[in-house]
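Structure at a glance
As a plain string of letters, each chain reads:
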Amino acid sequence: MKVQPQTDLPERFSPGSVLLIRDEPVTVVSSRSHKAGLVVKLSSIQDRTAAESLRGALLTIPEDKLPSLPEGSYYHFQLIELDVYTNDDEHLGQIVEILETPGNDVYIVRLPERRDILLPAISNVVLDIDLDAARMTVNLMDGLRP
């Protein structure tokens, strides 16, 4: 199947590597470069029909295989759906998307019936991230309030 890698670690597609597709483990049998991507043969995909049924699916890795990040750094998937509160405990919504910009990421926070809030991922806005509580606390600076 054709794959568009979104990793900085091309060895993820080496023969013998275990990946997840729709949360099911699959083993890479072979891979080779092809145009702007890769052609990858996976252990459980035996024919073109099976490969076509996976069009658009993401190949991921088990969380325990992720490289550790420095203190205070997070993977985007860890932040999506976090509840966002002000330092006055006002619920602003949930992070629904993260925009990558040259200067810093921007968190899109959504609460039904309200306009989205765009929060820059900078230290004087993001005060605390508690993954166990699925909560981010922010300082809602002037101009950021919906």
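Heads up: these notes are all about the structure in this document.

The rules we used
- Residues numbered from 1 in each chain as written.
- Predicted model: local features only at pLDDT ≥ 70, side-chain atom pairs only at ≥ 80, totals over all residues.
- Heavy atoms only, no water.
- Helix = DSSP H or I, 4+ residues; strand = E, 2+ residues; numbered from the N terminus.
- Rg over C-alpha atoms; globule rule 2.2 N^0.38 Å.
- Buried < 20%, exposed > 50% of the residue type's maximum accessible area, 1.4 Å probe, protein only.
- Contact = heavy atoms within 4.5 Å.
- Areas by Shrake-Rupley, 256 points an atom, 1.4 Å probe, with all protein chains shown as cover.
- Lys, Arg positive; Asp, Glu negative; His and termini not counted.
- Charge placed at Lys NZ, Arg CZ, Asp CG, Glu CD.
- Core = buried A, V, L, I, M, F, W, Y, C linked by side-chain atoms within 4.5 Å.
- Phe/Tyr/Trp six-rings, centres within 6.5 Å; stacked < 30°, edge-to-face > 60°.
- Lys NZ or Arg CZ within 6 Å of the ring centre and 35° of its normal.

Some points on the overall build of the protein
- Of regular secondary structure, the protein possesses two helices and 11 strands.
- Scanning the protein from its N terminus toward the C terminus, one meets helices and strands in the order β-β-β-β-α-β-α-β-β-β-β-β-β.
- For 146 residues, the compact-globule formula gives about 15 Å, and the C-alpha radius of gyration of the protein, at 19 Å, lies well above that figure.
- Along the longest, intermediate and shortest principal axes, the C-alpha atoms of the protein span 55 × 35 × 30 Å.
- With 146 residues in all, the protein has 28% of them scored as buried.
- Across the protein, every contact between residues at least 6 apart in sequence was considered, and the portion connecting residues at least 24 apart equals 39%.
- Accessible area of the protein: about 9,800 Å², with a carbon and sulfur share of 48%.
- Each charge sign in the protein was given a centre, from 14 positive and 23 negative side chains, and these centres are 13 Å apart.

Structural notes on the nonpolar core
- Leu79, Val84, Ile95, Tyr107, Leu119 and Met136 are the most contacted members of the largest nonpolar core, which totals 17 residues.
- Contributing elements (two or more residues each) for this core: strand 7 (91-100), strand 8 (105-110), strand 9 (117-120), strand 10 (126-130) and strand 11 (135-138).
- When residues in this core are grouped by element, the largest group, three residues, is from strand 7.
- In this structure, valine 84 is in contact with Glu90, His91, Leu92, Gly93, Ile95, Val109, Leu119, Met136 and Val138, ignoring residues within four places of it in sequence.
- Core analysis: the next-biggest nonpolar cluster, separate from the first, contains 13 residues, Phe13, Leu42, Ala51 and Leu54 among them.

A short note on the packing of aromatic side chains
- As enumerated under the stated definition, the model contains one aromatic pair in all.
- On the numbers, 5.9 Å between centres and 20° between planes, the contact of tyrosine 75 with phenylalanine 77 is stacked.
- Lying over the aromatic face of tyrosine 85, arginine 135 brings its terminal NZ or CZ to 3.9 Å of the ring centre.

By themselves, these figures tell us nothing about what the structure is for.
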